[in-house]
Amino acid sequence: MKELNVATGLENGSVIVAKNGKNTENGHEKCTFHHDLELDHRPPTREALLPDMASSYRLLLTGLGEDPKRQGLLKTPERAAKAMLFFTKGYDQSLEEVLNNAIFDEDTDEMVVVKDIEMFSMCEHHLVPFYGKVSIGYLPQGKILGLSKLARIVEIYSRRLQVQERLTKQIALAVTQAVRPAGVAVVVEGVHMCMVMRGVQKINSKTVTSTMLGVFRDDPKTREEFLNLVHFK
């Protein structure tokens, strides 16, 4: 076997020596490690998964008693596979890539709040959507984050298979990692189609989750100020 640098070409049966010194098998030479614990690695391109995913959707249609070869369903497996890749595109994104150095030195310690960020995600228990709004607040300590990046952070973690409780915490921890503020507060209000379309079928129910870190957890007045700003219309 030959050892090649990641930047060089590949040969059949070759072993790649990654920059971190670890070998990866041929076909996974471009794997990058996620910053969460759900997945260890990803294939070179997620699009490479499309044929197998389409085949699975074709099998699902057959299991439902449908004919995947009829006109209306002929392209459905491929469309569904592409849609699922889009719904879960957050697996292809990392915090560093999304922030893109949009962190700025600023002598301010006043609260920053961006509220009502639209969120779409997929329930990992039933593979049906849940959606809603996210509000984020933080108290800077000499560094601020480009405002649009807060919405980008929501996209990273919402575009994965999720539960709302974990999503809320992941967003808060990502903001903390980005700018090391004195505190971070995140409130998520979601509508879960697994409750609307099946099960209890309560169409008006909403789920509210929150994560308070740092001064937002320790100081009731700071927490109250944030919640007042979030609920102010």
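Residues numbered from 1 in each chain as written. Predicted model: local features only at pLDDT ≥ 70, side-chain atom pairs only at ≥ 80, totals over all residues. Heavy atoms only, no water.

Enquirer: Mind showing me how you'd approach the environment of Gln170 here?
Expert: Relative to the helices and strands, Gln170 resides in helix α5 (residues 164–179). Taking relative accessible area as the criterion, Gln170 reaches 12% and is therefore assigned buried. A sequence separation of 16 residues divides Gln170 from Val154, and the C-alpha atoms of the two residues are 9.0 Å apart. (Helix = DSSP H or I, 4+ residues; strand = E, 2+ residues; numbered from the N terminus. Buried < 20%, exposed > 50% of the residue type's maximum accessible area, 1.4 Å probe, protein only.)

Enquirer: Quick question: what am I supposed to make of α5 here?
Expert: The α-helix advances 3.6 residues per turn, and as a result positions three or four apart in sequence lie on the same side. Between its first and last C-alpha atoms α5 spans 23 Å; for 16 residues at 1.5 Å apiece the expected length is 22 Å, and the two agree. Those residues of α5 not exposed but buried are Gln164, Leu167, Thr168, Gln170, Ile171, Ala172, Ala174, Val175, Ala178 and Val179. Of the residues flanking the end of α5, it is Arg180, one or two places downstream, whose phi is positive at about 45°. (Expected span 1.5 Å × (residues − 1).)

Enquirer: Just to check I follow, could you spell out the packing of aromatic side chains for this structure?
Expert: Centre distance and the angle of the planes are the two values used to describe a pair of aromatic rings. What the rule picks out here adds up to one aromatic pair. Each ring, one from Phe216 and one from Phe226, has its centre 5.7 Å from the other, and the planes form 75°; the classification is edge-to-face. With Phe216 in helix α7 (residues 215–218) and Phe226 in helix α8 (residues 220–231), this residue pair connects regions lying ten residues apart in the sequence. (Phe/Tyr/Trp six-rings, centres within 6.5 Å; stacked < 30°, edge-to-face > 60°.)

None of the figures reported here should be taken as evidence of function without further support.
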